[in-house]
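So the chains spell out like this:
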Amino acid sequence: MSKHKALKGAIAAVASVATLGALAAPALAADTTYSPNGKSVAELAQHGGAQRIAAIGNKNAKNVVLFIGDGMGDSEITVARDYLKGANGHFDGLDAVGQPSALGDVQAGTGQYTTFSVGNGSKDSAVGKDGDGKLVANPNPGKLTPVTDSSASGSSWATGTKTYNNAVDVDIYGNPQLNLFELAKAAGKATGNVTTAEIQDATPAVLESHSSERACYGPQGKTDGSSNGAANNDAAKRCLVNQLKENGGIGSISEQLLDTRADVTIGGGSKYFRQTVQGGEYKGKTVWEQAKEMGFQTVENDPAAMNALQYKDGQPVLALMSDGNMPTKFNPSKATAKDPAKDANPTVCTPNADWLGNQGSSLKDMTKKALDLLDANPNGQKNGFFLQVEGASIDKQDHAGNACGQIGETDDFDQAIAYAMQNVDLTNTLVIVTADHAHTSQILNAQPAYALSTVLKTADGNNMVVSYGTAQEASTDADGGYNGGDMEHTGTQLRIAASGPGAQRVIGLTDQTDNFYTIAGALGLATSTESQKALSDNGTVKVSAADGKFTADVDGFNGDAVLSYELKDKNDKTVAASDSSTPLSGVRVKTAQTTPIALDGVTEGSEYTLTVTGRQSGKAVTVDFQAPAANSADKNNGKPGADKNGVIASGKVNNDTKAGPFGAALLGKTGTAVLAAAVAIAMLVAVAMLIKTAKAAKNDR
């Protein structure tokens, strides 16, 4: 065996163990380093493993609105309040939510939550990649990481599972974790996603996709669509190639967004929808063209068209209002080195003429439109809705040391919250306001000698020094100002506030994962692993024939994010099968919709067995069928061997607990122990292969 093949086999073995590990209770391959509360990284990385208030129940709410100020730590709130309102000022939205008696006798609560992640990048996971997008599995995934990024943070409240920085709704093994949109759609609720960032950015992405790499924006990576194909190989630089549809994966974030089919999606990032789809049913079309063919109401960079949108049955809204992130409300300021002249001439922020709020697309305007559309949606009216609204560029301007930029974005965010509080029914709607991580800006008495700063003139008429000191590299340009490098997040706990039914769950110290349980519990969604798996109990598969093509239509696998399938002929030879090289390979489930699978290689008149399996639930459907001969016309409608709908065979999930060697009744403690042992043995073999290959490579140097 060549060293290349040996390494490939070892990596595949580790990936297989990562997938198998999702079925076993113990995560034996993970880092066993213990945290102070006695939980190992492996335990913290389990679904719900990091909860701090697991025993506290929920009160029911028909609707939930989650406001996320990206990068909005306590300091960022205070900076904006002091500048805009004065030190003793008051925000109409931010300071009202969670304040007892501020909204009458509505339930209210305010607390703090922890934000740590369990990996400082995909290198700490079982689905890391190299520069060419190829799988590089860490045999010991997971690492306690005090400072989170937006994707790991968002995944925590979207799924209830702690994960590594860079991950979007996958655990440290790469296994997709069901998110709030998938669970809400399974429950028949309406869903909405609003952001001032690119819609593919981490915070909005955690509600509409699963990805090992947060930068896997589109089928061609993170490009504007002008590359005319994948010639620049950007997708391989940004994505684990196994995830791409042309390689048998579930697709990029943009493609999955369409599969998720939220009722309302409003944000930026329109240029990434100009990319060309590289695989699957829509190959050769742009993502915009795919969206239109899938029945979306689409708006591209047109505030007037966004404001004119109305609810239309079966036509979800996709309104992307800018090529990238939306312009900020205020023009930028520049943090510079210590200089007495700044005290004498403090900065006053000025309006940005390019801000979309000037054209009717402020965050408040977009929030209003989303609420109107969700209220008009029959599912929203009957079953309620879940809406997430993100003020994204508080974070982005903090990274840039841009005090005026972050202040304007906080103001825009506050006005969106205030509008919602005045226009939702707080007796049946839970409103939560929080952030994803803390950031760099600090209020000081005087300009620091060790960091860059901006001196602002506040609403009180006083000077306020805002310091930026977390860049990891030199951060001054020729003019002594910030050069556009990257100020870093900080790891401090964050404020969380809530008003409405169940608001008391945010009081005290909680964790980001608790937010998932607060939201899902209030809406009555499936929160435990077992209740989520049960959402696939009614899975069905119908095989149909039309014009010589054969398709399997899969419904009811709402407890799964990914499906696998295998088609065998009567000689037990595999004719077609989904890729299973990683947990992100296979067919993306379209929750609460029909997921079609094209069956290639079927010969008319031959007999086949098709097995479709939910990768998360383990539920399976087996369908035996004979492909009708072309001349066997059915009396119903002339379709060969088919019923009036073209269906030639069908099957449903067998929930008999005694069925099969891994049926629920037989698994029990013994079955779990056996499976755990199998995982451990497989991991040892995989690691041994990696070590052996590494030694061989070393000896050949």
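The following paragraphs examine the structure supplied in this document. These figures come from a predicted structure and were not determined experimentally.

Turning our attention to the overall build of the chain. Along the chain, the regular secondary structure elements total 18 helices and 24 strands. Counting only contacts in the chain whose residues sit at least 6 apart along the sequence, the fraction spanning at least 24 positions is 72%.

With that settled, the discussion passes to the sheet that holds strand β15 (residues 508-511). Across the sheet, 10 strands lie side by side as β7-β8-β6-β5-β9-β1-β10-β14-β2-β15; this open sheet has mixed pairing. Each edge of the sheet is formed by a strand with only one pairing partner; in this case those strands are β7 (297-300) and β15. Taken over all neighbouring pairs, the strand axes of this sheet differ in orientation by 15 degrees on average, direction set aside. Direction of pairing for strand β2 (residues 108-114) relative to strand β14 (residues 494-499): antiparallel, over a ladder of 6 bridges. Bridged to glutamine 112 within β14 is arginine 495.

Time to look at unusual backbone geometry. A positive phi angle, close to 100 degrees, is found at asparagine 166, a residue other than glycine. Taking the relative accessible area as the measure of exposure, asparagine 166 reaches 16% and is therefore buried. With a phi close to 60 degrees, arginine 261 is a non-glycine residue in the positive phi region. For arginine 261, a relative accessible area of 17% puts it in the buried group.

On to the sheet that holds strand β16 (residues 540-546). Strand order in this open sheet of 4 strands is β21-β17-β16-β24, and the pairing throughout is antiparallel. On the outer flanks of this sheet lie β21 (595-598) and β24 (647-652), each paired with one strand and no other. Neighbour-to-neighbour, the strand axes of this sheet turn through a mean angle of 20 degrees, independent of strand direction. The sheet contact formed by strand β17 (residues 549-555) and β21 spans 4 bridges and is antiparallel. Counterpart to threonine 551 in the pairing with β21 is alanine 598.

This structure, assessed with the given rule, holds 6 aromatic pairs. Aromatic pair phenylalanine 67 and phenylalanine 413: ring centres 6.0 Å apart, planes at 75 degrees, arrangement edge-to-face. On the criterion of sequence distance, the pair formed by phenylalanine 67 in strand β1 (residues 63-69) and phenylalanine 413 in helix α15 (residues 403-423) is long-range, its members being 346 residues apart. Residue class for phenylalanine 67 comes out buried when judged on its relative accessible area of 0%. Above the plane of the ring of phenylalanine 296 lies arginine 261, whose end atom (NZ or CZ) is 5.1 Å from the centre.

Residue position: threonine 551 is located in strand β17. Residue classification places threonine 551 among the partly exposed residues on the basis of a relative accessible area of 23%. Residues threonine 551 and aspartate 600, spaced 49 residues apart in sequence, show a C-alpha to C-alpha distance of 8.6 Å. Dropping the residues within four chain positions of it, threonine 551 is found in contact with Lys542, Val543, Ser544, Pro596, Ile597 and Leu599.

In this section: the pattern of salt bridges. Evaluation of the coordinates by the stated rule reveals 17 salt bridges. One salt bridge in this structure joins lysine 285 and glutamate 293, with 3.0 Å as the shortest N-O distance. Take glutamate 293: its relative accessible area is 47%, and that puts it in the partly exposed class. When the shortest N-O distance is used, the salt bridge between lysine 568 and aspartate 572 registers 3.5 Å. Taking the relative accessible area as the measure of exposure, lysine 568 reaches 23% and is therefore partly exposed.

Cut-offs used in this document
Residues numbered from 1 in each chain as written. Predicted model: local features only at pLDDT ≥ 70, side-chain atom pairs only at ≥ 80, totals over all residues. Heavy atoms only, no water. Helix = DSSP H or I, 4+ residues; strand = E, 2+ residues; numbered from the N terminus. Contact = heavy atoms within 4.5 Å. Pairing = 2+ DSSP bridges. Axes fitted to C-alpha atoms, helices over the stretch in contact; angles between N-to-C directions. Buried < 20%, exposed > 50% of the residue type's maximum accessible area, 1.4 Å probe, protein only. Phe/Tyr/Trp six-rings, centres within 6.5 Å; stacked < 30°, edge-to-face > 60°. Lys NZ or Arg CZ within 6 Å of the ring centre and 35° of its normal. Salt bridge = Lys/Arg side-chain N within 4 Å of Asp/Glu carboxyl O.

The quantities given are spatial measurements derived from coordinates; they are silent on function.
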